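# Observations on the three-dimensional arrangement
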Amino acid sequence: MHGYSPTYNLSVPPCQPSSPNLGTTPSAGGLVGTVLNDTATLTGGYNPTGSITFNLFGPTTGTCDTTPIYTR
């Protein structure tokens, strides 16, 4: 029996860099005690997964490089 090895020409697209997008929608804000519900959605890229963390900083922290006063 003779061996047979078929040849197939395959075209594989080059890998595309991941380009995830993060869309956010801030709350309207309000007086002290108002419940805020910001939202964020991670889309694009290749099967984006994970979590998104919100950090709240005080009004005098213009650069947000200190410890947040609230994290969710």
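This text follows the structure it describes.
These remarks concern the structure in this document.

Cut-offs used in this document
Residues numbered from 1 in each chain as written. Predicted model: local features only at pLDDT ≥ 70, side-chain atom pairs only at ≥ 80, totals over all residues. Heavy atoms only, no water. Helix = DSSP H or I, 4+ residues; strand = E, 2+ residues; numbered from the N terminus. Buried < 20%, exposed > 50% of the residue type's maximum accessible area, 1.4 Å probe, protein only. Contact = heavy atoms within 4.5 Å. 1 Å grid on protein atoms, 1.4 Å probe; cavity = no way out; pocket = protein on both sides within 12 Å on 5 of 7 lines; lining within 4 Å. Points joined across faces, edges and corners; volume = space filled by probe spheres on them. Nonpolar A, V, L, I, M, F, W, Y, C, P; charged D, E, K, R; others polar.

### With respect to the environment of Ile-52
For Ile-52, the location among the structural elements is in the loop between strand E2 (39–44) and strand E3 (55–56). With relative accessibility at 34%, the residue Ile-52 sits in the partly exposed group. Ile-52 sits 13 residues away from Thr-39 along the chain, and the two C-alpha atoms are 9.4 Å apart. In this view, Ile-52 contacts Leu-22, Ala-40, Thr-41, Leu-42 and Arg-72; residues no more than four positions away in its chain are not counted.

### Observations regarding the layout of surface pockets
Its boundaries defined by the atoms lining it, the largest pocket holds a volume of some 570 Å³. If you trace the largest pocket, you find 17 residues lining it, with Ser-27, Leu-36, Asn-37, Asp-38 and Leu-56 closest to the centre. Each residue belonging to the lining of the largest pocket can be placed in one class, and the counts come to 8 nonpolar, 7 polar and 2 charged.

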